[in-house]
Amino acid sequence: MKNIHHSWAEPYKIKMVELLKISTATQRKKAMKEAGFNTFLLRSEDVYIDLLTDSGTSAMSDRQWAGLMMGDEAYAGSKNFYHLEKVVKEVYGYKYLLPTHQGRGAENILSRILIKKGDIIPGNMYFTTTRLHQELAGGKFEDIIIDEAHDPENEFAFKGNVDLDKLDRLVKKHGAAKIPYVSIATSVNMAGGQPISMKNLKELRAYCKKHKIRIIHDMTRVAENAYFIQQKEKGYEKKSVKEIVNEINSYTDGATMSAKKDALVNIGGFLALNEWDVFEEARNMVVVYEGLHTYGGLAGRDMEAMAIGIGESVCDDHIRARVGQVIYLGNKMMEYGIPIVKPIGGHGIFLDAKKFLPHIPQENYPAQTLAAEIYLDSGVRTMERGVVSAGRKANGENYYPKLELLRFTIPRRVYTQAHMDVIAESAASVFERRNKIKGLKMVYEPRYLRFFQARFEKLN
Ligand code: F0G
């Protein structure tokens, strides 16, 4: 009776199910070809287990669904806005709130207000939409994440950390006046959902205070980051995720949020600020691009579901099960010898496509190729996070990121442990025949965020 392993389990039970189609290999082959070997162009009906993203794909609780019925659809001053504003203040600690239709709506407004032509925006690794908005506003993103983040094998617990020397070099080179803010993401998406430590954040805060530089927080997955701090950082073992989230935010001056992730809703986001002047300017701008400042592109019911979802998202039991499921899948993959980014991050498993398909050069899109192969094998839909996602620089050259990854993103509260088994088995069977897999060539390339709509053909 000794040594019993105590499993994590979901702090909820299933009340309603959505039936899935299980396709044949022939059907999948046809669908993949029609989609130009881009999983974004598949019809979701043709997908069995959908791991394209954790964005807007989570299951809402019965309380959130009940909240939808409480929607106050007044054009101005909806009571759901005031509820959301109260929750954002209480849970996240930011003073002023502007709802937006989703995260990139907030990024657009913030970038337009704070960035001038020729500005530099240092950040702990780029995110696709965030960097694009910075560039469209005339700025240049500079990566200041620690080197460990670019190495899938490095097991450092906080690969989301900022390298303060890299930041200092930028400040010395350009001057602090050219840096409107440092852009900090919690649970760094493109690095594999890697957290930033509280210690690093505090040091960054001290540095930025000295040089009078703001910190803007991409808090899309802040609760997952807080969970890793609780589990791995000294001094935080006994703190609740909610307390840790609050402390993280306290070291920053404002935030953009895609509520479609952590906050457990299918649509929504916001811009949160502590500075009145910046808020006032943003409130002017939101009416141009999103909607009135008390709805910002959302229905009243969406804001209500978000307010309730935020509360649920910072519960320790919720986040333990959420990240626990991701870790379960990652461990299964490692048992099969599949190369994944380590340590396992918060929102998904990231396959190292360079290691998985070493015979395919980055020009032939190893991660994109792998996404197509996994789908063909089992109907599991994943997403490329490599050279296609990285896109081109302002001068037209391709970015060639060190990380060439395939993301298995896990929606929250949606799939079961048996689904995780099927996913790992599919990755394993593709791994077994990896030597026979050929790369792709791009035959259609959109100008912006090309990964969404690019088309490919198989190389002969
Ligand atoms: N910031 C991060 C870190 C994100 O992961 C996302 C979206 C955004 C900002 C933009 O938010 O989609 O609401 O406009 N990430 C999704 C993904 C799309 O699949 O990783 P949005």
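1. Considering helix α1 (residues 25-34)
Step number 1: Restricting attention to buried positions, one finds in α1 the residues Arg28, Ala31 and Met32. Seen end-on, α1 carries its buried residues on one side only, within an arc spanning 100 degrees. Exposed side chains of α1 directed beyond 90 degrees from the buried face belong to Thr26, Lys29, Lys30, Lys33 and Glu34.
Step number 2: Packed against the buried residues of α1 are α14 (366-378).
Step number 3: Positive phi shows up at Gly36, right after α1, with a value of about 60 degrees.

2. Considering the environment of Ser183
Step number 1: Note that Ser183 resides in strand β5 (residues 181-185).
Step number 2: For the pair formed by Ser183 and Glu281, sequence separation is 98 residues and the distance between their alpha carbons is 19 Å.
Step number 3: Each residue touching Ser183, except ones within four places of it in the same chain, is listed here: Ile121, Pro122, Gly123, Asn124, Thr130, Gln134 and Ile216.

3. Describing the domain arrangement of the protein
It is common to give the size of an interface as the accessible area that goes away when the parts come together.
Step number 1: The domain architecture assigned to the protein consists of domain 1 (25-54 + 316-458) and domain 2 (62-313).
Step number 2: The C-alpha centroid of domain 2 is placed 26 Å from the C-alpha centroid of domain 1.
Step number 3: Each side of the interface is counted separately: domain 1 has 33 residues, and domain 2 has 43 residues.
Step number 4: Our count for the contact surface shared by domain 1 and domain 2 stands at five salt bridges.
Step number 5: Residue Asp54 is joined to Arg221 by a salt bridge in which the shortest nitrogen-to-oxygen separation is 2.8 Å.
Step number 6: Secondary structure elements with two or more residues in the side of domain 1 that touches domain 2: α12 (316-335), β9 (348-352), α15 (387-390) and β12 (405-409).
Step number 7: Looking at the side of domain 1 that touches domain 2, the element that brings in the most residues is α12, giving six residues.
Step number 8: Grouping the amino acids of the side of domain 1 that touches domain 2 by side-chain chemistry returns 15 nonpolar, six polar and 12 charged.

4. A few points about the sheet that holds β12
Step number 1: With antiparallel pairing, three strands are arranged side by side in an open sheet as β9-β12-β11. If you trace the sheet from one side to the other, it starts and ends with β9 and β11 (383-385), each paired once. Within this sheet the neighbouring strands show an average axis-to-axis angle of 35 degrees, counted without direction.
Step number 2: In this sheet, β12 lies alongside β9 in antiparallel orientation, the contact comprising five bridges. Bridge pairing in β12 links Ile349 to Phe408.

5. Notes on the side chain of Lys332
Step number 1: Mapped onto the elements, Lys332 comes out in helix α12.
Step number 2: For Lys332, a relative accessible area of 19% gives the class buried.
Step number 3: In contact with Lys332, not counting residues within four places along its chain, are Asp421 and Ala424.

Rules behind the numbers
Residues numbered from 1 in each chain as written. Predicted model: local features only at pLDDT ≥ 70, side-chain atom pairs only at ≥ 80, totals over all residues. Heavy atoms only, no water. Buried < 20%, exposed > 50% of the residue type's maximum accessible area, 1.4 Å probe, protein only. Helix = DSSP H or I, 4+ residues; strand = E, 2+ residues; numbered from the N terminus. Arc of directions from axis to C-beta. Contact = heavy atoms within 4.5 Å. Domains from an automatic or database assignment. Salt bridge = Lys/Arg side-chain N within 4 Å of Asp/Glu carboxyl O. Nonpolar A, V, L, I, M, F, W, Y, C, P; charged D, E, K, R; others polar. Pairing = 2+ DSSP bridges. Axes fitted to C-alpha atoms, helices over the stretch in contact; angles between N-to-C directions.

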